[in-house]
Amino acid sequence: MIEVKNIHKSFGDLEVLKGINLRVEKGEIVAIVGKSGAGKTTLLQIIGTLDRPTNGQVLMDGTDVFAMRDKELAAFRNRHIGFIFQFHQLLPEFTALENVCIPAMIAREKESDYMPRAEHLLTELGLKDRMHHKPNELSGGEKQRVAAARALMMQPDIILADEPTGSLDEKNKKELSELLLQLRKDYGQTILLVTHDKELAQMADRVIEMKDGLIVKMWKE
């Protein structure tokens, strides 16, 4: 599903990624761990096509994503990759339902096509009675489930999660871990996540440790 080949990333004279090679299989859950500054989030952003590498390739189902032009790449990202961020990144002026619909709006789908899908996702995630509430009316766990529904909206092949439990209490951390496993079971997504949360990492099929811009260790849980 994902193949990363000799990825380097520099910001001026600072080399953040120093030659990353990685394969992630379809339907696999992989956790990337390591101390702050190891390059985890930079790698995730490159895999998610939010940033381009200085050198190297990212292949998704054999497609060299960085061979695409920016507009084509943005459309590819919208269709094939879903994101879950630590602080949810929900738009405060929109309801939960409207936030979930945004990827479909960007893709210029018809409302009659995307609205039932968004309502179904929120219902499946236990938010049927909260879908018309705005983010400031939701708990941290509810916001993260809205973010998960938004990530699933376009039925992407890949879910990328950056510190998804970082702002949650213990109860909501456990619920999110269970949710990620359920998403893989129900929708078959490949899930790649960056985390400092040892318990979340333990639910992954495989754990990759990074240090100073390199993968230094890899093991199966």
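Our subject is the structure listed above.
These lines cover the structure that appears in this document, whether it is placed above or below.

Conventions used here
Residues numbered from 1 in each chain as written. Predicted model: local features only at pLDDT ≥ 70, side-chain atom pairs only at ≥ 80, totals over all residues. Heavy atoms only, no water. Helix = DSSP H or I, 4+ residues; strand = E, 2+ residues; numbered from the N terminus. Buried < 20%, exposed > 50% of the residue type's maximum accessible area, 1.4 Å probe, protein only. Lys, Arg positive; Asp, Glu negative; His and termini not counted. Salt bridge = Lys/Arg side-chain N within 4 Å of Asp/Glu carboxyl O. Polar contact = N/O pair within 3.5 Å; in protein donor to acceptor, adjacent residues only side chain to side chain. Contact = heavy atoms within 4.5 Å. Pairing = 2+ DSSP bridges. Axes fitted to C-alpha atoms, helices over the stretch in contact; angles between N-to-C directions. Parallel < 35°, antiparallel > 145°, perpendicular 65-115°, else oblique. Left-handed = near helix turned anticlockwise from the far one by under 90°. Nonpolar A, V, L, I, M, F, W, Y, C, P; charged D, E, K, R; others polar. Phe/Tyr/Trp six-rings, centres within 6.5 Å; stacked < 30°, edge-to-face > 60°. Lys NZ or Arg CZ within 6 Å of the ring centre and 35° of its normal.

**Topic: the side chain of Asp197**
As for its position among the elements, Asp197 is in the loop between β8 (190-194) and α7 (198-202). No salt bridge is formed by the buried Asp197; the nearest opposite charge belongs to Lys173, separated by 4.1 Å. Within polar-contact distance, the side chain of Asp197 engages the side chain of Thr165 at 3.0 Å. Not counting the four nearest positions on each side in its chain, Asp197 is found in contact with Thr165 and Lys173.

**What about the sheet that holds strand β9 (residues 206-211)?**
Pairing within the open sheet is mixed, and its six strands lie in the order β6-β7-β8-β3-β9-β10. A strand with exactly one partner marks an edge of an open sheet, and here the two such strands are β6 (81-85) and β10 (214-220). Between one strand and the next, the sheet's axes are offset by a mean angle of 20°, whatever the strand orientation. Judged from the five bridges that link them, strand β7 (residues 158-162) and β8 form a sheet pairing that is parallel. Following the sheet pairing, Ala161 is matched in β8 by Leu193. Helix-sheet contacts for helix α2 (residues 70-80) involve β6 and β7, and the interaxial angle to β6 is about 75°.

**A word on the packing of helix α5 (residues 140-152) against helix α6 (residues 170-187)**
In contact at an axis separation of 10 Å, α5 and α6 are set at 20° when each is read in the N-to-C sense. The angle between the axes of α5 and α6 places the two elements in the roughly parallel class. In this structure, α5 meets α6 at a crossing whose hand is right-handed. Contact with α5, carried on its side by Gly141, Gln144, Arg145, Ala148 and Leu152, involves Asn172, Leu176, Leu179, Leu183 and Tyr187 of α6 and no other residues of that element. Across the contact of α5 with α6, the residue classes break down as six nonpolar, three polar and one charged.

**Remarks on the packing of helix α3 (residues 96-106) against α5**
Any two packed helices are characterised by the angle at which their axes cross and by the distance between the axes. Two elements in contact, α3 and α5, have axes separated by 7 Å at closest approach and are oriented at 30°. As summarised for this structure, α3 and α5 are arranged roughly parallel, according to the angle between their axes. α5 is crossed by α3, and the crossing has right-handed handedness. When α3 is examined against α5, the residues Ala96, Asn99, Val100 and Pro103 are found in contact with a partner set consisting of Val146, Ala149 and Arg150. Considering only residue class, the contact of α3 with α5 consists of five nonpolar, one polar and one charged.

**Observations concerning the pairing of strand β2 (residues 14-24)**
Relative to β2, strand β1 (residues 2-11) is paired through eight bridges, and the arrangement is antiparallel. Bridge pairing links His8 to Lys18 in β2. Joining the antiparallel neighbours β1 and β2 is a turn of two residues, in which Gly12 adopts a positive phi near 65°.

**Observations regarding the sheet that holds β2**
The four strands are arranged β2-β1-β4-β5 in an open sheet whose pairing can be described as antiparallel. Unpaired on one side and paired on the other, β2 and β5 (63-64) mark the two borders of the sheet. Sheet strands touched by helix α1 (residues 40-47): β1, β2 and β4 (55-60). Its angle to β1, the strand with the most contacts, is close to 120°.

**A word on the packing of aromatic side chains**
Two aromatic rings, taken as a pair, are described by how far apart their centres are and by the angle between their planes. On inspection of all chains with the given rule, the structure shows one aromatic pair. An angle of 5° between the planes, with centres 5.8 Å apart, marks the rings of Phe83 and Phe85 as stacked. Taking relative accessible area as the criterion, Phe83 reaches 16% and is therefore assigned buried. The ring of Trp219 carries Lys217 above its face, with NZ or CZ at 4.9 Å from the centroid.

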